[in-house]
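For reference, the chains in residue letters:
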Amino acid sequence: MAKEEIRVRFAPSPTGPFHIGGARSALFNWLVARKLGGKMVLRIEDTDLKRSSRESEENIKAALKWLGMDWDEGVDVGGPYGPYRQTERLDIYKKYTDQLLAEGKAYYCFCTDEELEAERQALLKEGKMPRYMGKCRNLTPEQQEQLRAEGRKPSIRLRVPADETIVVHDLVRGDVEFDSNGIGDFVIVKSDGIPTYNYAVVIDDSLMHITHVIRAEEHLSNTPRQLLVYEALGFKQPVFGHISLILGKDHTKMSKRHGATSVDQYRQLGYLPEGIDNFLALLGWAPNSEQEIFTMQELIQQFSMEHVAKNPAVFDLDKLNWINGKHMRQLSDEDFMTVAVPHMEKAGFMTGKEDTAKQAWLRRVILTAKNHVDFGAQVPQVLSMYFTDEFDFENAEAAAVLQEATVPAVMKMLFEELPKLSPVDGPNVKALFKKIQKTTKLGGKAVFMPIRVALTGNQHGPELAEMVPLLGIERTLKRIQDSLTKAGIKF
Ligand code: GLU
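Below: a short report on this structure. (Residues numbered from 1 in each chain as written. Predicted model: local features only at pLDDT ≥ 70, side-chain atom pairs only at ≥ 80, totals over all residues. Heavy atoms only, no water.)

What about the overall build of the protein chain?
Move 1: Assigned secondary structure in the protein chain consists of 19 helices and twelve strands.
Move 2: Taking 491 residues into account, the globule formula puts the C-alpha radius of gyration at 23 Å, and the protein chain, at 32 Å, lies well above it.
Move 3: When the backbone C-alpha atoms are referred to their principal axes, the protein chain occupies close to 105 × 55 × 45 Å.
Move 4: Residues classed as buried in the protein chain amount to 50% of the 491 residues present.
Move 5: Counting contacts in the protein chain only where the partners sit at least 6 residues apart, residues at least 24 apart contribute 74% of the total. (Helix = DSSP H or I, 4+ residues; strand = E, 2+ residues; numbered from the N terminus. Rg over C-alpha atoms; globule rule 2.2 N^0.38 Å. Buried < 20%, exposed > 50% of the residue type's maximum accessible area, 1.4 Å probe, protein only. Contact = heavy atoms within 4.5 Å.)

Here we look at the site of the ligand
Move 1: Close to the ligand lie Arg9, Ala11, Pro12, Ser13, Glu45, Tyr197, Val201, Arg215 and His219.
Move 2: With respect to the ligand, the backbone of Ala11 contributes an N or O atom lying 2.8 Å from a nitrogen atom.
Move 3: A distance of 2.8 Å is found between an oxygen atom of the ligand and a side-chain nitrogen or oxygen belonging to Arg215.
Move 4: Burial of the ligand by the surrounding chains reaches 80%, relative to a free accessible area of 300 Å².
Move 5: Per-class residue counts for the shell around the ligand are four nonpolar, two polar and three charged. (Near = heavy atom within 4 Å. Polar contact = N/O pair within 3.5 Å; in protein donor to acceptor, adjacent residues only side chain to side chain. Areas by Shrake-Rupley, 256 points an atom, 1.4 Å probe, with all protein chains shown as cover. Nonpolar A, V, L, I, M, F, W, Y, C, P; charged D, E, K, R; others polar.)

Quick notes on the pattern of salt bridges
Move 1: Going through the model one piece at a time under the given rule, you end up with 44 salt bridges.
Move 2: Two residues, Glu57 and Arg85, come together in a salt bridge whose shortest N-O distance is 2.8 Å. Residue Glu57 is found in helix α2 (residues 54-66), and its partner Arg85 is found in the loop between β3 (73-74) and α3 (90-102); the two are separated by 28 residues along the sequence. For the pair formed by Glu57 and Arg85, the shared burial category is buried.
Move 3: Between Lys61 and Asp76 there is a salt bridge, and its shortest N-O distance comes to 3.0 Å. Separated by 15 residues along the polypeptide, Lys61 in helix α2 and Asp76 in the loop between β3 and α3 bring together distant segments of the chain.
Move 4: In the salt-bridge network here, residues are joined through shared partners; they are Arg54, Glu57, Glu58, Lys61, Asp76, Arg85 and Glu88. (Salt bridge = Lys/Arg side-chain N within 4 Å of Asp/Glu carboxyl O.)

Remarks on the packing of helix α9 (residues 273-281) against helix α11 (residues 317-329)
Move 1: Viewed as axis vectors pointing N to C, α9 and α11 meet at an angle of 135°, and their least axial separation amounts to 8 Å. Between α9 and α11, the interaxial angle falls into the category oblique. In this structure, α9 meets α11 at a crossing whose hand is right-handed. Contacts between α9 and α11 involve Glu274, Gly275, Ile276, Asn278 and Phe279 on the former and, on the latter, Lys319, Leu320, Ile323, Asn324 and His327.
Move 2: Looking at the contact of α9 with α11 residue by residue, the class counts come to four nonpolar, four polar and two charged. (Axes fitted to C-alpha atoms, helices over the stretch in contact; angles between N-to-C directions. Parallel < 35°, antiparallel > 145°, perpendicular 65-115°, else oblique. Left-handed = near helix turned anticlockwise from the far one by under 90°.)

A few points about the packing of aromatic side chains
Move 1: In this structure the tally under the stated criterion is 13 aromatic pairs.
Move 2: Their ring planes at 45° and their centres at 6.2 Å tell us that Tyr266 and Phe315 sit as a pair that is tilted. Residue Tyr266 is found in helix α8 (residues 263-268), and its partner Phe315 is found in the loop between β12 (313-314) and α11; the two are separated by 49 residues along the sequence. Assigned by exposure class, Tyr266 and Phe315 land together as buried.
Move 3: Seen in terms of ring centroids, Tyr271 and Phe375 are 4.5 Å apart; in terms of plane orientation they differ by 10°. Their pairing is stacked. A residue pair is termed long-range when its members are at least 10 positions apart, and Tyr271 in the loop between α8 and α9 and Phe375 in the loop between α13 (356-368) and α14 (378-383) qualify at 104 residues.
Move 4: You can call Tyr271 buried: its relative accessible area is 5%.
Move 5: Look at Phe375 and you get buried, because its relative accessible area is 10%.
Move 6: Members of the aromatic cluster, joined through ring pairs, are Tyr266, Tyr271, Phe279, Phe315 and Phe375.
Move 7: Here the guanidinium or amino end of Arg157 rests over the ring plane of Tyr132, the centre of that ring lying 3.6 Å away.
Move 8: Sitting over the face of the ring of Phe391, Lys486 holds its NZ or CZ atom 5.6 Å from the ring centroid. (Phe/Tyr/Trp six-rings, centres within 6.5 Å; stacked < 30°, edge-to-face > 60°. Lys NZ or Arg CZ within 6 Å of the ring centre and 35° of its normal.)

Here we look at the pairing of strand β10 (residues 239-243)
Move 1: Counted residue by residue, β10 has four buried out of five residues, so it is predominantly covered.
Move 2: Note that strand β9 (residues 212-216) and β10 share five bridges and pair parallel. Bridge pairing links Arg215 to His242 in β10.
Move 3: Each parallel crossover has a hand, and for β9 linked through helix α7 (residues 223-233) to β10 it is right-handed. (Pairing = 2+ DSSP bridges. Right-handed = clockwise from strand over helix to strand, strands pointing away.)

Here it is as structure tokens:
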């Protein structure tokens with residue numbers, strides 16, 4: 001027999017911003033498909049009619065594309081097992097529901113929300129697990145008729161066998177057991193005719209020939225219900241792999257408190273898709289080696305579900321920044337400009353309508369940020385000194401640097417020599433600092449630190465040899481003079 005083709009799917013509910021956890025699930029599936037020459041299916045689970053929107057679906061698709069993930073079958077691209085949007089598959093679900101009803105494996109339930117809530121409360125009061133106790137399990141056709149005549153709209157429940165242990169064989173978590181008594185007959189079709197997630201997902205995964213269901217741990221507790229549906233319909237189970245929760249750094253469930261949670265927020269902040277993919281892959285998966293920076297190709301080669309851990313993955317923003325910064329530095333100058341320019345425009349540092357000379361200068365300035373930023377929105381922050389000459393000393397320590405007794409001698413020579421520099425470039429600026437050191441017999445730091453503080457207000461930052469040529473002699477000296485005046489230094 002030919003080896004079974006690997007078929008995975010990503011099945012988001014389009015109910016809001018595309019969460020970083022969803023992107024991680026999509027990525028793990030996509031990596032499995034691409035590594036093993038399988039197929040990736042994108043199915044939209046939009047049965048929550050109130051919360052689902054086309055706008056959210058479009059966001060998800062755009063985010064997946066931005067992250068470099070494609071799909072072989074699914075919404076937009078089609079495929080042999082479509083349609084791929086659940087609300088377009090209602091007649092398919094109905095066929096199976098009719099079958100289950102005819103076989104007595106499912107039944108109509110006429111209980112109202114109020115009745116169900118009362119039952120729930122009563123069970124809770126007795127210290128029992130709330131579940132449906134089967135009031136409508138054995139209604140006769142006449143009783144059903146009567147209830148319909150009262151205007152009640154039934155839902156449909158699956159008959160769940162008592163006293164069974166349901167075992168989920170999980171790729172990541174091993175065998176996980178559930179007691180069927182804790183489940184109770186659950187709704188598979190709501191009174192408005194719309195199937196529930198646990199029901200539709202099984203029919204879809206089965207008819208779409210999904211071999212591996214890789215999804216978030218949140219769904220592990222749904223899986224026994226789904227297994228009951230597989231059994232009732234006589235469908236073959238796929239392999240399940242539930243990937244761990246994503247926690248914030250404080251080990252509580254990742255939420256807005258921990259920073260941006262949607263893919264779009266990171267895109268807007270100027271993170272790179274390759275940085276996000278790299279970071280997401282490491283949220284649960286670990287390679288065999290110490291390697292931390294991966295291209296998408298390397299991830300495809302090295303990824304394997306066998307190395308996905310079951311302990312929770314911690315979302316560490318510092319790590320994301322570090323990884324993204326590494327990818328930023330690998331960008332070509334052209335690509336770096338593409339990332340940086342929108343942020344520079346947003347900050348009001350450029351308009352895109354500058355003359356050629358200004359454009360060339362802007363390009364030189366912007367490219368210096370490449371080694372100093374982790375993501376795009378940081379570019380205007382680290383370059384702000386090129387766009388405003390107003391600044392304060394960073395702190396008292398920085399201000400104190402200018403009070404050193406050696407400062408006037410350094411400044412005197414700088415003001416004499418800097419205007420003579422030609423051309424004003426990095427090597428010449430460095431050479432001048434050496435010359436000042438030699439003449440004043442001071443160490444390197446005693447020369448460049450007061451110059452740096454007077455020029456920027458800061459003890460840290462880009463090299464002076466980088467800044468001075470970009471600011472030009474005139475601006476450099478004016479900024480330094482203003483700081484010295486502010487600090488009361490005469491020379
Ligand atoms: N629609 C579900 C969700 O977005 C997908 C669950 C699954 O992958 O089975 O959470």
